[in-house]
Amino acid sequence: MKKLPQTINLTLKVWRQQGSQDKGRFEEIPVKNVSVHMSFIELLDTVNEQLTIEGKDPIAFDNDCREGICGACGAVVDGQAHGPEKATTLCQLHMRKFSDGDKIVVEPFRARAYKVVKDLVVDRSALDKVIQAGGYISVNTGGSPDANALPIPQIMADKAMDAAACIGCGACVAACPSASAMLFVSAKISQFALLPQGKPEAAKRAIAMVSTMDACGFGNCSNHRECENTCPKEISIVNIARMNREFFKASFISEEN
Ligand code: SF4
Ligand code: FES
């Protein structure tokens, strides 16, 4: 059996931008002896070590947990948000996915609602604003014994759990041709709308979160399904249909609309 190489040489074509007012440009950086076992974030660490030794400005990028659960990391790699591996965050993408001699293009998530802070770091606080508008439960749901006393059909619990897998990375927005945040917002609405504890505030929540999403400058869903295809947690667009139903239902009963 042919042995795969343990190290590869690459060229990183990376976006460099000092801030939202700067025009930005690509910079090509050759990187030698990259271990195929590294994650993409570790590759950026290695490049930054190299740049620092050379007295150059390291590449700014976001990350935290490095295990696919916090949603902090993210960049567009070769035209795909989070890179070419399906259902994988940038921090879980490994260099074995690439070949010796590759030129890898790395850009920030681009969307009207995301301003570039520096290089690959974008301001995703618009997503936080949507959560602040209604992504919580404020009614008293009692303690753990009360939760256990409330029977929930398994299928509803599973659907709510699937929606709750959204890590808020915002890649769906970057992948969408309309820069829509509907997959993200629909996951956050669905995780509560499917459970009895979320019902009392469902109407208020749907209107507040959808209105804030619109006010933040996100686009509308155009049914391209790029969001679903890109999502590292495989959030289904079925949630968008549910969000639309929740919003229309709320519009009929709410005085706020
Ligand atoms: S829906 Fe998927 S891509 Fe969008 S924020 Fe949630 S985890 Fe990220
Ligand atoms: S660093 Fe937390 S998901 Fe990638």
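Residues numbered from 1 in each chain as written. Chains lettered and ligands numbered in written order. Predicted model: local features only at pLDDT ≥ 70, side-chain atom pairs only at ≥ 80, totals over all residues. Heavy atoms only, no water.

Honestly, the overall build of the protein in this entry has me stumped. Any pointers?
Per the secondary structure count, the protein includes nine helices and seven strands. Dimensions of the protein, computed from the C-alpha atoms along their principal axes, are close to 60 × 50 × 35 Å. A total of 257 residues make up the protein; the buried ones form 45% of that total. Sequence separation of 24 or more characterises 69% of the internal contacts of the protein that already satisfy a separation of 6 or more. Approximately 13400 Å² of the protein is accessible, and the part contributed by carbon and sulfur atoms is 51%. The averaged location of the 30 negative side-chain charges in the protein is 3 Å from the averaged location of its 29 positive side-chain charges. (Helix = DSSP H or I, 4+ residues; strand = E, 2+ residues; numbered from the N terminus. Buried < 20%, exposed > 50% of the residue type's maximum accessible area, 1.4 Å probe, protein only. Contact = heavy atoms within 4.5 Å. Areas by Shrake-Rupley, 256 points an atom, 1.4 Å probe, with all protein chains shown as cover. Lys, Arg positive; Asp, Glu negative; His and termini not counted. Charge placed at Lys NZ, Arg CZ, Asp CG, Glu CD.)

In this structure, what is going on with the site of ligand 1? I would like to understand it.
The local shell around ligand 1 consists of C166, I167, G168, C169, G170, A171, C172, L183, F184, C231, P232 and I235. Taking a 2 Å distance to the grid points as the criterion, the majority of the atoms of ligand 1 fall inside the largest cavity. When contributions to the shell around ligand 1 are tallied by element, the ones reaching two or more residues are helix 5 (171-175) and helix 6 (182-193). Grouping the amino acids of the shell around ligand 1 by side-chain chemistry returns ten nonpolar, two polar and no charged. (Near = heavy atom within 4 Å. 1 Å grid on protein atoms, 1.4 Å probe; cavity = no way out; pocket = protein on both sides within 12 Å on 5 of 7 lines; lining within 4 Å. Sits in = over half its atoms within 2 Å of the grid points. Nonpolar A, V, L, I, M, F, W, Y, C, P; charged D, E, K, R; others polar.)

Would you mind showing me how to read the layout of surface pockets here?
Regions of empty space are outlined by a rolling probe, equal in size to a water molecule, passed over the atoms. Of the pockets and cavities examined, the largest pocket occupies roughly 210 Å³. Lining the largest pocket are 16 residues; nearest its centre among them are Q80, A81, G83, N229 and T230. Among the elements of the structure, strand 4 (80-81), helix 5 and helix 8 (226-230) are those that each provide at least two residues to the lining of the largest pocket. Looking at the lining of the largest pocket element by element, the count peaks at three residues for helix 8. Here the lining of the largest pocket is built from residues that sort into six nonpolar, seven polar and three charged. (Points joined across faces, edges and corners; volume = space filled by probe spheres on them.)

So what exactly am I meant to see when it comes to the environment of N229 here?
Residue position: N229 is located in helix 8. Accessibility expressed as a relative area gives 43% for N229, which makes it partly exposed. Sequence separation of N229 and P153 is 76 residues, and the distance between their C-alpha atoms is 28 Å.

Structural measurements only, silent on function.
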